[in-house]
Amino acid sequence: RWSRTDRSGTVTPAQPQGIKLIVREGAVFASISVALRPASCPVPLAQKAFSTYPARWVADKIRKDAPDLRLVTCAVDLAVRHPGAVTVAKEGEVIARRILNHRFTLPGTDATRPINIPSLAEIAEVRRTIRRLRRLTGRPSPRKESCVALQRRYRNLGDDRAKKIVAAIFAFAKHHGAHVVVLEDLKRLRPDSANERGVNDALSRWNRGRIVELARGAAEDAGLRVITVPAFFTSRVCARCNAYGVR
């Protein structure tokens, strides 16, 4: 039996795809490629349905097809100053809350091996360095790129941040037995004064959109489902009594 064990101790079954024998200097090496099998999920809908249909339709469909399922959701509020905050609720009753800091560790895991998440301020600093160097060196020729190494670091930091935020969210959700991860749809949301200096609108929007994209792509392999909801007033209106609060 083939399997993969991640840092949280979760074992994922794997299926061998191919075996290649490599002979080099009298020694024989075996290269084995495997594909992870999607983890089981009690939700009776595939991720494609969660990405296509509105949240209200998905909720009604789950209640209709699995009336005995006690749904556990993990709501995520993505932020700028820190990666975000997560809240796990079981049938509307909150069972766990957590702020995702830049050194994320799960309870009961090795604290010396955290998930180190790059900050947007760190990414913005690399971007400012690129602009400063371009002002000093002048405009490059049309077919020649400038600051190639810094541009590569800028892209890698952004991808690394998005992937590690998704990994932290999924680890926290699975640790508390969640079935569905709820993210905000921030396409039409205008940023406010909470943005730090140097973290502009384009950078924050790209970062959040990349997180949603990666979460949807990895949801079924992790045994979870990801859905987006409109972000308007989600942090100000009570989900139970619809009372309007002040932040």
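Relevant structure appears above.
Caption draft 1: Fine view of the overall build of the protein chain. Within the protein chain one finds 5 helices and 10 strands. Across the 247 residues in the protein chain, those meeting the buried criterion constitute 33%. A separation of at least 24 residues holds for 57% of the contacts in the protein chain among residues at least 6 apart in sequence. Summed over all atoms, the accessible surface of the protein chain reaches about 15900 Å², with 51% contributed by carbon and sulfur.

Caption draft 2: Expanded view of the nonpolar core. Ranked by size, the top nonpolar core spans 32 residues in total, and within it Cys74, Val76, Ile169, Phe170 and Val181 carry the most contacts. Looking at this core element by element, the count peaks at 9 residues for helix 4 (residues 148–175). Filtering out sequence-adjacent residues up to four positions away, Val181 remains in contact with Cys74, Val76, Ile169, Phe170, Ala173, Leu224, Arg225, Val226 and Ile227. Judged by nonpolar contacts, the second largest core, of 13 residues, contains Phe50, Ile62, Ala66 and Val180.

Caption draft 3: Highlighting the side chain of His179. Along the chain, His179 falls in the loop between helix 4 and strand 9 (180–185). Excluding residues within four positions of it along the chain, His179 makes contact with Cys41, Pro42, Val43, Leu69, Arg70, Leu71, Val72, Leu224 and Arg225.

Caption draft 4: Region of the structure containing unusual backbone geometry. Phi at Glu25 is positive, roughly 55°, even though this residue is not glycine. Following the sequence through the fold, Glu25 ends up in the loop between strand 2 (11–24) and strand 3 (27–36). A relative accessible area of 82% places Glu25 in the exposed class. Positive phi values are uncommon outside glycine, yet Glu91 reaches one of about 55°. Of note, Glu91 is situated in the loop between strand 5 (84–90) and strand 6 (93–100).

Caption draft 5: Looking closely at the pattern of salt bridges. For the structure on display, the rule yields 7 salt bridges. Between Lys61 and Asp65 there is a salt bridge, and its shortest N-O distance comes to 3.5 Å. Note that Lys61 and Asp65 are positioned in helix 2 (residues 55–65) at a spacing of 4 residues, about one turn of the helix. Note on Asp65: relative accessible area 36%, which makes it partly exposed. A salt bridge links Arg153 to Glu122; the nearest nitrogen and oxygen atoms lie 3.8 Å apart. Of the two residues, Arg153 is situated in helix 4 and Glu122 in helix 3 (residues 120–137); the sequence distance between them amounts to 31 residues. Take Arg153: its relative accessible area is 42%, and that puts it in the partly exposed class. Its relative accessible area of 34% is what places Glu122 among the partly exposed residues. When salt bridges with common partners are traced through the structure, they connect Asp159, Arg210 and Glu213 into a single cluster.

Cut-offs used in this document
- Residues numbered from 1 in each chain as written.
- Predicted model: local features only at pLDDT ≥ 70, side-chain atom pairs only at ≥ 80, totals over all residues.
- Heavy atoms only, no water.
- Helix = DSSP H or I, 4+ residues; strand = E, 2+ residues; numbered from the N terminus.
- Buried < 20%, exposed > 50% of the residue type's maximum accessible area, 1.4 Å probe, protein only.
- Contact = heavy atoms within 4.5 Å.
- Areas by Shrake-Rupley, 256 points an atom, 1.4 Å probe, with all protein chains shown as cover.
- Core = buried A, V, L, I, M, F, W, Y, C linked by side-chain atoms within 4.5 Å.
- Salt bridge = Lys/Arg side-chain N within 4 Å of Asp/Glu carboxyl O.

Shape is all these values report; function is a separate question.
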